[in-house]
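Geometric and topological summary
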Amino acid sequence: MSVDIGRILRALPHRYPFLLVDRILEVQDNKRVVGIKNVTINEPFFQGHFPGNPVMPGVLIIESLAQAGAVLLLAGREEDMTNRYVYLAGVDDVRFRRPVVPGDQLRLELDVLSLRSRACKMVGTATVDGELAARATLLSMMVDLGTDESS
């Protein structure tokens, strides 16, 4: 199953300039997701990171992975899309292998390592043209709106 931008916008609370997933190519329920982030020179962070040598901040590459993972967790739960958020709760084993620059297309792939009622551990990779840009293990938590279980 693929997910278009309309459904991504229903699943995620993020909006410009913090929506960092443009398309979901594949979702396997509770197992795997593949998404795309098109990196353009118009990204607001390139004004200061770095003038004359624009590089996508590594933390935003990880955020892109986290957002794709959130879509995975909510994709099969249409009823949860409007009353739940998915928060990033932890990041481990982060490695950056190449810079991501304007014109690149990030391919975001995440595989579920473990899934409990509200917690999910995933391993994710971000690649550009088949070359590894970043890899990380992410822990995400689903939280009902109106409660603050993240504290």
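What you are looking at is a predicted structure, and each value in this text was computed from that prediction instead of being measured.

1. What about the overall build of the protein?
From N to C terminus, the protein includes two helices and six strands. Secondary structure elements in the protein, listed N-terminal to C-terminal, are α-β-β-α-β-β-β-β. In summary, the protein has a C-alpha radius of gyration of 15 Å against a globular reference of 15 Å for 151 residues, a match within 12%. Projected onto its principal axes, the C-alpha coordinates of the protein cover approximately 45 × 35 × 25 Å. In the protein, which comprises 151 residues, the share counted as buried stands at 44%. Taking all contacts inside the protein whose residues are at least 6 apart in sequence as the whole, residues at least 24 apart take part in 62%. Surface summary for the protein: the accessible area is close to 7,800 Å², and the carbon and sulfur share equals 49%. Distance between charge centres in the protein, computed from 17 positive and 19 negative side chains, equals 3 Å.

2. Points about unusual backbone geometry
A cis geometry characterises the amide bond from Tyr 16 onward to Pro 17, with omega recorded as 5 degrees. In this fold, Pro 17 is placed in the loop between helix H1 (5-11) and strand E1 (23-28). Residues His 49 and Phe 50 are joined by a peptide bond in cis, for which omega reads -5 degrees. Among the secondary structure elements, Phe 50 is positioned in the loop between strand E2 (32-38) and helix H2 (58-75). The backbone phi angle of Asn 30 is positive, close to 55 degrees, even though this residue is not glycine.

3. A word on the pattern of salt bridges
Using the criterion set out here, one finds nine salt bridges in the structure. With its nearest N and O atoms 3.2 Å apart, the salt bridge here joins Asp 104 to Arg 98. Here Arg 107 and Glu 109 are joined by a salt bridge, their closest N and O atoms 2.8 Å apart. In this structure, a network of salt bridges that share partners links the residues Glu 26, Arg 32, Arg 107, Glu 109 and Asp 111.

4. Considering the sheet that holds strand E5 (residues 119-128)
With antiparallel pairing, the six strands of this open sheet are ordered in space as E1-E2-E4-E5-E6-E3. Sheet topology places E1 and strand E3 (84-96) at the edges, where each strand pairs with a single neighbour. Averaged over neighbouring strand pairs, the angle between their axes works out to 20 degrees when direction is ignored. Across nine bridges, the pairing between strand E4 (residues 105-115) and E5 is antiparallel. Within E5, the residue paired with Glu 109 across the bridge is Thr 125. Against the sheet, H2 makes contact with E1, E2, E3, E4, E5 and strand E6 (131-144), and its axis sits at roughly 55 degrees relative to E4, the strand it touches most.

What counts and what doesn't
Residues numbered from 1 in each chain as written. Predicted model: local features only at pLDDT ≥ 70, side-chain atom pairs only at ≥ 80, totals over all residues. Heavy atoms only, no water. Helix = DSSP H or I, 4+ residues; strand = E, 2+ residues; numbered from the N terminus. Rg over C-alpha atoms; globule rule 2.2 N^0.38 Å. Buried < 20%, exposed > 50% of the residue type's maximum accessible area, 1.4 Å probe, protein only. Contact = heavy atoms within 4.5 Å. Areas by Shrake-Rupley, 256 points an atom, 1.4 Å probe, with all protein chains shown as cover. Lys, Arg positive; Asp, Glu negative; His and termini not counted. Charge placed at Lys NZ, Arg CZ, Asp CG, Glu CD. Salt bridge = Lys/Arg side-chain N within 4 Å of Asp/Glu carboxyl O. Pairing = 2+ DSSP bridges. Axes fitted to C-alpha atoms, helices over the stretch in contact; angles between N-to-C directions.

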